[in-house]
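Below, each chain spelled out in residue letters.
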Amino acid sequence: MTSNLSVQQRETTMSFIIWAVIGLTSGFVASQLEQRSRRRSVTAILLGFLGAMTGGYLYFTFGPTPVNGVNMVSYLAAACGALVFLLSLYVFRRL
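Summarised in this report is the structure supplied together with it. Bear in mind the structure is a predicted one, so any value in this text is a computation, not a measurement.

In this section: the overall build of the chain. Within the chain, the regular secondary structure consists of three helices and zero strands. For the chain, the proportion of its 95 residues judged to be buried stands at 33%. Partitioning the contacts of the chain with sequence separation of at least 6, the portion at a separation of at least 24 is 71%. When the accessible surface of the chain is summed, it comes to about 6,500 Å², and 70% of that surface belongs to carbon and sulfur atoms.

Turning to the packing of aromatic side chains, a few remarks are in order. Overall, the coordinates contain three aromatic pairs when judged by the stated rule. Judged by centre distance (4.8 Å) and plane angle (75°), the ring pair of Phe16 and Trp19 falls under edge-to-face. In this pair, Phe16 and Trp19 both sit in helix H1 (residues 7–34), three residues apart, roughly one turn of the helix. In this structure Trp19 comes out as buried when scored by relative accessible area, which is 0%. A network of ring pairs unites the aromatic residues Phe16, Trp19, Tyr57 and Phe60 as a single cluster.

Relative to the helices and strands, Ser31 is located in helix H1. Apart from the residues within four sequence positions on either side, Ser31 is in contact with Ser41, Ala44, Ile45 and Tyr90.

So, about the nonpolar core. In this structure, Trp19, Ala20, Ala52, Met53, Tyr75, Ala78 and Ala82 together form the largest nonpolar core, which totals seven residues. Counting only elements with at least two residues in this core, the list comes to H1, helix H2 (38–62) and helix H3 (72–94). When residues in this core are grouped by element, the largest group, three residues, is from H3. Those residues in contact with Ala82 that sit more than four places away from it in its chain are Ser26, Gly48, Gly51 and Ala52. Among the nonpolar cores identified, the runner-up in size contains five residues, and Ala30, Ala44, Leu86 and Tyr90 belong to it.

What follows concerns H3. Over its 23 residues, H3 runs 33 Å from end to end, which matches the ideal 33 Å to within 8%, given 1.5 Å per residue. For H3, the full list of buried residues reads Ser74, Tyr75, Ala77, Ala78, Gly81, Ala82, Leu86, Leu89 and Tyr90. Looking at the buried positions of H3, the neighbouring elements they touch are H1 and H2.

Their axes nearest at 6 Å, the elements H2 and H3 cross at an angle of 140°. In terms of orientation, H2 lies oblique with respect to H3. For the crossing formed where H2 meets H3, the hand is right-handed. For the pair H2 and H3, the contacting residues are Arg40, Thr43, Ala44, Leu47, Gly48, Leu50, Gly51, Ala52, Thr54, Gly55, Gly56 and Tyr59 in the first and Val73, Ser74, Ala77, Ala78, Gly81, Ala82, Phe85, Leu86, Leu89, Tyr90 and Arg93 in the second. Its residues placed into classes, the contact of H2 with H3 shows 13 nonpolar, eight polar and two charged.

Calculation notes
- Residues numbered from 1 in each chain as written.
- Predicted model: local features only at pLDDT ≥ 70, side-chain atom pairs only at ≥ 80, totals over all residues.
- Heavy atoms only, no water.
- Helix = DSSP H or I, 4+ residues; strand = E, 2+ residues; numbered from the N terminus.
- Buried < 20%, exposed > 50% of the residue type's maximum accessible area, 1.4 Å probe, protein only.
- Contact = heavy atoms within 4.5 Å.
- Areas by Shrake-Rupley, 256 points an atom, 1.4 Å probe, with all protein chains shown as cover.
- Phe/Tyr/Trp six-rings, centres within 6.5 Å; stacked < 30°, edge-to-face > 60°.
- Core = buried A, V, L, I, M, F, W, Y, C linked by side-chain atoms within 4.5 Å.
- Expected span 1.5 Å × (residues − 1).
- Axes fitted to C-alpha atoms, helices over the stretch in contact; angles between N-to-C directions.
- Parallel < 35°, antiparallel > 145°, perpendicular 65-115°, else oblique.
- Left-handed = near helix turned anticlockwise from the far one by under 90°.
- Nonpolar A, V, L, I, M, F, W, Y, C, P; charged D, E, K, R; others polar.

Interpretation note: all reported values are geometric properties and have no functional meaning in isolation.
Here's what the structure looks like:
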């Protein structure tokens, strides 16, 4: 079965999937490091996911055109986005 998706559409789809995996993984690791309650674990996982999707999407949208798509810099942007969201969660919890 052949697909009508272009190469760029496939790269974009793969980027979103990998950003989601990065976010869920970073949220899970953060929740395991804290080990407080199940509700906080779900919150950390969701914030990791949202941060990675936000960071990856912002880089994809505003980043240099030749390096968009499936690449390590895009994944680093997603990981940084997840880190920012998770750190803000812990800062707000401490206030």
